[in-house]
Amino acid sequence: MTVLRRSRAALFRHRPWPLCRQCSGVALDMGSARTRAWVAGRGMILDVPTVTFPGAGAVYPIQRGSIVDTQGTARMLDRLLGHRLPRFARPVVVVTAPVLDGLAYRTEARTAVEVLRPRSVLTVPSARAVALAAGADLSRPLLVMDIGAHLTEVVLLVDGAVFDARRTALGTGDIDEATPPSRIGEALADMTTSMLRQDDTSLTLDALGRGPLLAGGGALRPEITCRLADRLHVPLRAVPAPHTAAVRGAARLLEAAHTHPSPTGTDPPEGHPH
């Protein structure tokens, strides 16, 4: 289990990202199993396996929350999206990123996305994107549990910013005889319990009382969610269409924007809020 804990104002605090309504925009959620894309004016246009074919066999350029093959990721994006965007478009691209190891992911993602000739590349923590897709009240502490194919994160959002996070390199794609679904439920409960024990405030407890927000394909697996509910004894709230919540949240950022972003299109350094 990987752990992150920062002060409320220290990590991933973003101002709203402005965008010209006449400009093209792309929201991307690139996971180890699936890549999903939403294009302004067209909606969701892709939900496909994250794979590229440089030679005779398939290569998986993203593994458990890390981009392990940046050039392969770029080839995949070019193959999937290059012909779907206007020829001379300079899109604003919003990419979801895992919370833990997010800096490395964001750096590699920006490099890969250059193949789309973007005007700017902006990133959003996946947990925040999920909350936006759910229309959650971000003025109150919120626990987001994102159960993916090969990565599961538990993230505490306070005022919409990441306050604490845990993750395990385990997901629905790992389920077999040796790894039953209940093990993922146990891992989620253990990460949440650890977060509670280490929190010297009431924020985690308040968020838990509201009920964790569930996203990712694992939110659709009752074998996981029932075990989690048995351990935590709190209500669980699944986001509608939880497997596509992250990309829909990134799309909401594009839809809500009004004017051009800064030319650099970069995120604030960690530890320096807007």
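See the structure above.
An account of the accompanying structure is given in this report. Along each chain, residue indices are assigned from 1 in the same order as the chain's sequence is written. It should be noted that, the model being predicted, local features are given only for residues of pLDDT at least 70 and side-chain atom pairs only at 80 or more, the latter also being counted only at that level, while totals for whole chains, interfaces and linings use all residues. The side-chain numbers reported here are obtained from all heavy atoms of the structure, hydrogens and water having been left aside.

As a further point, take the layout of surface pockets. Computed from the structure, the largest pocket encloses a volume of approximately 510 Å³. Strands are runs of DSSP state E lasting at least 2 residues, helices are runs of H or I lasting at least 4, and numbering of each runs from the N terminus. Elements that contribute at least two residues to the lining of the largest pocket include exactly β2 (25–30), β3 (34–39), β7 (92–97), β9 (142–147) and β10 (152–158). Its residues placed into classes, the lining of the largest pocket shows 11 nonpolar, 12 polar and six charged. Method remark: on a 1 Å grid restricted to protein atoms, a set of points is classed as a cavity if a 1.4 Å probe fits but cannot get out and as a pocket if it is open with protein on both sides within 12 Å along at least five of seven lines; lining residues have an atom within 4 Å of a point. Grid points are joined across faces, edges and corners, and a volume is the space filled by probe spheres set on the points. Ten residues, namely Ala, Val, Leu, Ile, Met, Phe, Trp, Tyr, Cys and Pro, are considered nonpolar, four, namely Asp, Glu, Lys and Arg, are considered charged, and the remaining ones, Gly among them, are considered polar.

Before going further, it helps to examine the packing of helix α4 (residues 181–198) against helix α6 (residues 222–232). Each axis is a line fitted through C-alpha atoms, and for a helix only the stretch in contact is used; angles between axes span 0 to 180 degrees, taken between their N-to-C directions. Viewed as axis vectors pointing N to C, α4 and α6 meet at an angle of 35°, and their least axial separation amounts to 7 Å. Handedness of the α4/α6 crossing: right-handed. When α4 is examined against α6, the residues Pro181, Ser182, Ile184, Gly185, Glu186, Leu188, Ala189, Asp190, Thr192 and Thr193 are found in contact with a partner set consisting of Glu223, Ile224, Arg227, Leu228, Arg231 and Leu232. Across the contact of α4 with α6, the residue classes tally to seven nonpolar, four polar and five charged. Crossing handedness is defined as follows: a turn of the near helix away from the far one that is anticlockwise and smaller than a right angle gives a left-handed crossing, while the clockwise case is right-handed. By definition, residues are in contact when any of their heavy atoms lie within 4.5 Å.

Looking now at helix α2 (residues 102–113). For a helix, the expected span equals 1.5 Å multiplied by the residue count minus one. Its 12 residues place the ends of α2 16 Å apart at the C-alpha level, agreeing with the 16 Å of an ideal helix rising 1.5 Å per residue. The buried label applies to any residue whose accessible area, calculated with a 1.4 Å probe on protein chains only, is under 20% of its type's maximum; exposed applies above 50%, and partly exposed to all values in between. Within α2, the full set of buried residues consists of Gly102, Tyr105, Arg106, Ala109, Ala112 and Val113. For α2, the angular spread of buried residues about the axis comes to 130°, placing them on one side. Buried-residue contacts for α2 involve β2, β5 (62–63), β6 (66–67), α1 (70–81), β7 and β8 (120–125). The reported arc concerns the directions from the helix axis to the C-beta atoms and nothing else.

With that settled, the discussion passes to the side chain of Thr244. Relative to the elements of secondary structure, Thr244 occurs in the loop between β13 (237–238) and α7 (245–256). Any pair of N or O atoms that falls within 3.5 Å is considered a polar contact. Within protein, one atom must be able to donate a hydrogen and the other to accept it, and sequence-neighbouring residues count only if both atoms are side-chain atoms. A polar atom in the side chain of Thr244 sits 2.9 Å from the side chain of Arg248. Not counting residues within four places of it along the chain, the set of residues in contact with Thr244 comprises Arg36, Met44 and Asp47.

Next up on the list: the packing of α4 against helix α5 (residues 203–210). Remark: α4 packs on α5, axes separated minimally by 8 Å, with the N-to-C direction vectors making an angle of 140°. By the angle between their axes, α4 is oblique relative to α5. Within the contact between the two elements, α4 uses Thr192, Met195 and Leu196 and α5 uses Thr204, Leu205 and Leu208. Here the residues of the contact of α4 with α5 are counted per class, giving four nonpolar, two polar and no charged. Here the angle decides the label: under 35 degrees means roughly parallel, over 145 means roughly antiparallel, 65 to 115 means roughly perpendicular, and every other value means oblique.

On to the nonpolar core, then. In this structure, Ala27, Val94, Val130, Leu142, Val155 and Leu157 are the most contacted members of the largest nonpolar core, which totals 31 residues. Residue assignment for this core shows that the elements contributing at least two residues are β7, β8, α3 (126–134), β9, β10, β11 (161–168), β12 (213–215) and α7. Of all the elements, α7 adds the most residues to this core, at seven residues. Apart from the residues lying within four places of it in its own chain, the contact partners of Leu157 are Ala127, Arg128, Ala131, Leu138, Arg140, Pro141, Leu142, Val144 and Val162. Throughout this description, the term nonpolar core refers to a set of buried Ala, Val, Leu, Ile, Met, Phe, Trp, Tyr and Cys residues connected via side-chain atoms within 4.5 Å. Counting 24 residues, the second-largest nonpolar core is a separate cluster that includes Val26, Met30, Leu46 and Ile62.

What follows concerns the pattern of salt bridges. Any carboxyl oxygen of Asp or Glu that lies within 4 Å of a side-chain nitrogen of Lys or Arg is treated as forming a salt bridge with it. Per the stated rule, a full pass over the model turns up eight salt bridges. In this structure, Arg231 and Asp190 form a salt bridge, with 3.0 Å as the shortest nitrogen-oxygen distance. Of the two residues, Arg231 sits in helix α6 while Asp190 sits in helix α4, which places them 41 residues apart along the sequence. On the basis of relative accessible area, Arg231 is assigned to the partly exposed category, the value being 31%. By relative accessible area, Asp190 is classed as partly exposed at 40%.

Here we take up the environment of Gly135. Checked against the element boundaries, Gly135 lands in the loop between α3 and β9. Residues Gly135 and Arg252 lie 117 residues apart in sequence; the distance between their C-alpha atoms is 10.0 Å.

Paired strands are those between which DSSP finds at least two bridges. Reading across from one edge, β4-β3-β2-β7-β8 is the order of the five strands in this open sheet, with mixed pairing throughout. Edge positions in the sheet fall to β4 (43–49) and β8, since each has one partner strand and no second. Direction aside, the axes of adjacent strands within the sheet are offset by 20° on average. The sheet contact formed by β3 and β4 spans six bridges and is antiparallel. Its bridge partner being in β4, Ala37 is matched across the sheet by Leu46. Lying over the sheet, α3 contacts β7 and β8, oriented at roughly 80° with respect to β8.

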